[in-house]
Amino acid sequence: MDAPTVTTTDADTGTDRPERDLLLQRTLFSGPRRWVNDDLYSRITRGVVRRTRTELHLEPGAIVDTNTYFGRFEASYWQRWTVVTELTVRVSVETVGQVDVLVRASDIGSHVRTVEVVHHHGDGMAVLHVPVDAFTDGGAMWLEVHAVDAPATVSEVEWSTTTTRPARRAAVAICTFNRADDCAATVDSLASDPLVADLIDDLYVTDQGTDLVETRDPFRHAAEEFGDRLHYLRQPNLGGAGGFSRGLYEATAPDGPGPVDVLLMDDDVRVEPETVLRLFAFAAVTREPMLVGAQMLYLFNPDYLLVSAERTQLDELRGGLDADEFALRDESVVAGRQERRIDAEYNAWWSCLVPGEAVERVGLPMPYFFQWDDIEYGLRCRQAGMPTCTLQGAAVWHADFYWKDGDDFGQFFSLRNSLTTAAVRQGIDPKDMAKNLARSVLRAVAAMQYGLAATRLRGIEAFLDGPDGTHGVGDGGQAALAAIRAERARYPETAKLGVEALPAGVGVQRKVGIPREDREDQVLAKRLLVQKLGRQRRGVVAIPYEDAAWWHVSLFDEVYVTDASQTGVHHRKVDPARATELQKRLVALLSRFVREAPAAQERWRAAQAELTARENWARLYGL
């Protein structure tokens, strides 16, 4: 006999709607790949236990808990941002004896309490009802399982709630440029979990490259699983901004079938499919539409978290900062857990869910091509009343930023786009900003990174020229990319050489004597003067990447600096003529910046609505 339908008056609309169960998360006991540490999911605290992805096999007397990164229910975030006030936890148990199942909880101070206990006998489903009501500042819940007097198998652990909210469409948008193998693996990972694959209504893969994802077997396999829900799109290379915006553009078409959440995801992440489920579930019950982001765990060091949540400091053009002084950063989340709730200012687009209402309210992203598109969009949404939550316990693995060299074409886009973001979202003080820009360029000159200095100068010029300038955003960044790459090729130190380029017998110089922060400007002036007078240390040296601070490299007249990727080196050599030319350009440009920055700021602000409109993106896509 069918269970009766329960109806409840919806607080948002005042109308009666049927209640439905909503799965918020599963408890899994090991990772999706062998290289993932199972202790990110469950902990064996006593006895003999065998863990698989979906099952625990416990010998008598064994105890397991899930007070782990992926094993916890991050109650503080759910209480702060969603309408969820109570959970039902279901645990499938197979045993001839007794299994005790406890829901344990923590607070901001890591004090542990027991919320609910079930003493379960025999085979069946242990069901626990727990409130989400005392976690405002921090804390989480997790399971503790005791096999009291007989072997036991625990499986099918689900945390759910009831809601009267109608279901929303779930879309995933991935963009790629000549990372066919990585992208195909990411798409196939989404298909590998049947529950998650079934959750996704539309999967948009925007391929902007020449090495096509559709040629890879894992992608073909995923295409069979998703069928007509997989949309493979080809377009010119418009960078990450153009690729992600295409997914948002398609998913939020005005004639679409109802509300939609769009999960933006990098092509080169290693996916924990459970993260996808948790992000969509969280977004389905937020009090108001908001962005919901996943955290980043390091691919090469998969127990470590990049940062708990991020913020900006726009007057210094800095992003990626800790949102809270107590936030975990570059720390093992096996050894430590984040009890304090950390509220984000924005979430990077390695994995970030954008509700369709955001596109309706503030438009599509800026056509930045590369860098700061995610930051600007997060700030824009926040200022329009749609904040961002970086959800603990939801993460993907992404290549460590430590392995990416900062001296590349991206520095042009980073500087132009960060200046634009600061201008549009907060406002610029021309004189104060000119001082920051001077430091940025002069440190590159002192470190013999003349191509980097020139790249940053072009970024400043592009901001001043406005959205319609030579290096503007009118074509989505393609002309700017070509021009910057061509200019950088004229600076030999930008080229990565093989390790064999290191001269035989070259000595390694490690950095010592880190200058005080309040004396860095004086140190910079001294280094530049020493170089001008030709009094730096003579002879070729090698400097490891981690020691390549500008104030250390600038002590020498010729260096080989290891590339961040550890696959080669860069040869830098003092060039007085280059240094003089760049410094003269800088002086003239900063004088222009102080005069013209206010007008440039207003041009960018006036153009934003047009730049982020569907019509502009359709033009860039050639639609």
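Located above this text is the structure these notes cover.
Definitions and cut-offs
Residues numbered from 1 in each chain as written. Predicted model: local features only at pLDDT ≥ 70, side-chain atom pairs only at ≥ 80, totals over all residues. Heavy atoms only, no water. Helix = DSSP H or I, 4+ residues; strand = E, 2+ residues; numbered from the N terminus. Rg over C-alpha atoms; globule rule 2.2 N^0.38 Å. Buried < 20%, exposed > 50% of the residue type's maximum accessible area, 1.4 Å probe, protein only. Areas by Shrake-Rupley, 256 points an atom, 1.4 Å probe, with all protein chains shown as cover. Lys, Arg positive; Asp, Glu negative; His and termini not counted. Charge placed at Lys NZ, Arg CZ, Asp CG, Glu CD. Phe/Tyr/Trp six-rings, centres within 6.5 Å; stacked < 30°, edge-to-face > 60°. Lys NZ or Arg CZ within 6 Å of the ring centre and 35° of its normal. Pairing = 2+ DSSP bridges. Axes fitted to C-alpha atoms, helices over the stretch in contact; angles between N-to-C directions. Left-handed = near helix turned anticlockwise from the far one by under 90°. Contact = heavy atoms within 4.5 Å. Nonpolar A, V, L, I, M, F, W, Y, C, P; charged D, E, K, R; others polar. Salt bridge = Lys/Arg side-chain N within 4 Å of Asp/Glu carboxyl O. Polar contact = N/O pair within 3.5 Å; in protein donor to acceptor, adjacent residues only side chain to side chain. Core = buried A, V, L, I, M, F, W, Y, C linked by side-chain atoms within 4.5 Å. Expected span 1.5 Å × (residues − 1). Parallel < 35°, antiparallel > 145°, perpendicular 65-115°, else oblique.

Visitor: Mind showing me how you'd approach the overall build of the protein chain here?
Guide: The helix and strand tally for the protein chain stands at 16 helices and 28 strands. Against the 2.2 N^0.38 benchmark of 25 Å for 623 residues, the protein chain shows a C-alpha radius of gyration of 27 Å, consistent with a compact globule. Counting across all 623 residues of the protein chain, residues that qualify as buried make up 57%. In the form shown here, the protein chain has an accessible surface area of approximately 25,500 Å², with 49% of it arising from carbon and sulfur atoms. With 70 positive and 92 negative side-chain charges, the protein chain shows a separation of 9 Å between the mean positions of the two kinds.

Visitor: Got a minute to help me understand the packing of aromatic side chains in this structure?
Guide: Ring pairs (aromatic) are described by centroid distance and by the angle formed between their planes. Enumeration over the complete set of coordinates arrives at 20 aromatic pairs. Ring plane angle 70° and centroid distance 5.3 Å describe the contact between Phe-300 and Trp-403, whose orientation is recorded as edge-to-face. Placement of the pair is Phe-300 in the loop between strand S18 (291-298) and strand S19 (304-307) and Trp-403 in the loop between strand S24 (388-398) and helix H9 (410-425), with a sequence separation of 103 residues. Accessibility expressed as a relative area gives 37% for Trp-403, which makes it partly exposed. For the pair Phe-412 and Phe-413, a centre-to-centre distance of 5.0 Å together with 80° between the ring planes defines the contact as edge-to-face. Given a relative accessible area of 0%, Phe-412 falls into the buried group. What makes Phe-413 buried here is its relative accessible area of 0%. Here the guanidinium or amino end of Arg-80 rests over the ring plane of Trp-81, the centre of that ring lying 3.9 Å away.

Visitor: Explanation requested: the sheet that holds strand S28 (residues 569-573) in the structure shown.
Guide: Across a sheet, strands are paired by hydrogen bonds formed along the backbone, either parallel or antiparallel in direction. Spatial strand order, S25-S26-S27-S28: four strands in an open sheet with mixed pairing. At either margin of the open sheet sits one strand with a lone partner, and together these are strand S25 (507-508) and S28. Relative to S28, strand S27 (residues 556-562) is paired through five bridges, and the arrangement is antiparallel. Of the residues in S28, the one forming a bridge with Glu-558 is Lys-573.

Visitor: Before we go on, may I ask you to explain the packing of helix H2 (residues 180-192) against helix H4 (residues 217-226) in this structure?
Guide: Two quantities define a packed helix pair, namely the angle between the axes and the distance from one axis to the other. As a packed pair, H2 and H4 sit with axes 8 Å apart at the nearest point and diverge in direction by 35°. The element H2 and its partner H4 pack so that their crossing is left-handed. Of the residues in H4, those touching H2 at Ala-184, Val-187, Asp-188, Leu-190 and Ala-191 are Pro-218, Phe-219, His-221, Ala-222, Glu-225 and Phe-226. Looking at the contact of H2 with H4, its residues break down into eight nonpolar, one polar and two charged.

Visitor: What should I look at first to understand the pattern of salt bridges in this one?
Guide: When charged atoms on two side chains of opposite charge get close, those side chains can pair. Per the counting criterion, the structure on display carries 37 salt bridges. With a shortest N-O distance of 2.2 Å, Asp-547 and Arg-510 are connected by a salt bridge. You can see Asp-547 sitting in the loop between strand S26 (537-543) and helix H14 (550-553) and its partner Arg-510 sitting in the loop between S25 and helix H13 (520-533), a full 37 residues away along the chain. Exposure remark for Asp-547: the relative accessible area of 4% places this residue in the buried category. We classify Arg-510 as partly exposed; its relative accessible area is 44%. Each member of the salt-bridge network shares a partner with another, and the members are Arg-26, Asp-193, Glu-274 and Arg-278.

Visitor: What am I meant to see in the sheet that holds strand S7 (residues 63-65) here?
Guide: Reading across from one edge, S4-S7-S12-S9-S10 is the order of the five strands in this open sheet, with antiparallel pairing throughout. In this open sheet, the two edge strands, each paired with only one partner strand, are strand S4 (43-46) and strand S10 (112-121). If you compare each strand with its neighbour and ignore which way they point, the axes differ by 20° on average. Sheet topology places strand S9 (residues 98-106) next to strand S12 (residues 141-147); seven bridges connect them, and they run antiparallel. Note that in S12 the partner of Val-103 across the bridge is Leu-143.

Visitor: In this structure, what is going on with the side chain of Thr-88? I would like to understand it.
Guide: Within the fold, Thr-88 resides in strand S8 (residues 86-95). At 3.3 Å, the side chain of Thr-88 forms a polar contact with the side chain of His-129. Residues within four places of Thr-88 in sequence aside, it is in contact with Val-127, Leu-128, His-129, Glu-158, Trp-159 and Ser-160.

Visitor: What's the story with the nonpolar core in this structure? I'm lost.
Guide: Generally speaking, a soluble globular protein has its nonpolar side chains buried in company with each other. Met-141 and Leu-203 are the most contacted members of the largest nonpolar core, which has 86 residues in total. If sequence neighbours within four positions are ignored, Leu-203 has contacts with Val-172, Ile-174, Val-187, Leu-190, Phe-226, Arg-229, Leu-230 and His-231. Core analysis: the next-biggest nonpolar cluster, separate from the first, contains 59 residues, Met-448, Leu-524, Val-541 and Trp-550 among them.

Visitor: Would you take a moment to explain H9 for this structure?
Guide: Each α-helix turn comprises 3.6 residues. Residues three or four places apart therefore point the same way. Compared with an ideal rise of 1.5 Å per residue, which puts 16 residues at 22 Å, H9 spans 21 Å between its outermost C-alpha atoms and is within 8% of the ideal. Counting buried residues in H9 gives 16 out of 16 residues, a clear majority hidden from the surface.

Visitor: Would you mind going over helix H11 (residues 450-465) with me for this structure?
Guide: If you check H11, its first and last C-alpha atoms are 23 Å apart, about what 16 residues at 1.5 Å a residue would give, namely 22 Å. The buried fraction of H11 amounts to 14 of the 16 residues, a majority that puts the element mostly inside the structure.

Visitor: Looking at this model, I keep getting lost on the packing of H11 against helix H12 (residues 478-488). Mind explaining?
Guide: Contact geometry of H11 with H12 gives a least axis separation of 10 Å together with a crossing angle of 150°. Of the possible angle classes, the one that applies to H11 and H12 is roughly antiparallel. Crossing handedness for the pair H11 and H12: right-handed. Of H12, the residues touching H11 (which contributes Gly-451, Leu-452, Ala-454, Thr-455 and Arg-458) are Ile-484, Glu-487 and Arg-488. Considered class by class, the residues forming the contact of H11 with H12 number three nonpolar, two polar and three charged.

Visitor: Looking at this model, I keep getting lost on the environment of Asn-37. Mind explaining?
Guide: Considering the arrangement of structural elements, one finds Asn-37 in the loop between strand S3 (20-27) and S4. With a relative accessible area of 25%, Asn-37 lands in the partly exposed category. Spatially, the C-alpha atoms of Asn-37 and Val-292 are 25 Å apart, while their sequence positions differ by 255 residues. A distance of 2.9 Å separates a polar atom in the side chain of Asn-37 from the backbone nitrogen of Asp-39. Among the polar contacts listed, one links the side chain of Asn-37 to the side chain of Asp-303, at a separation of 3.1 Å.

Visitor: Explain unusual backbone geometry here, please?
Guide: Note on backbone geometry: most residues besides glycine have negative phi, and most peptide bonds are trans. One non-glycine residue, Asn-178, lies in the positive phi region at around 55°. The residue Asn-178 is located in the loop between strand S14 (169-176) and H2 in this model. On the accessibility criterion, Asn-178 (32% relative accessible area) is partly exposed. Its identity is not glycine, yet Phe-369 carries a phi of approximately 75°, on the positive side. A relative accessible area of 4% means that Phe-369 is categorised as buried.

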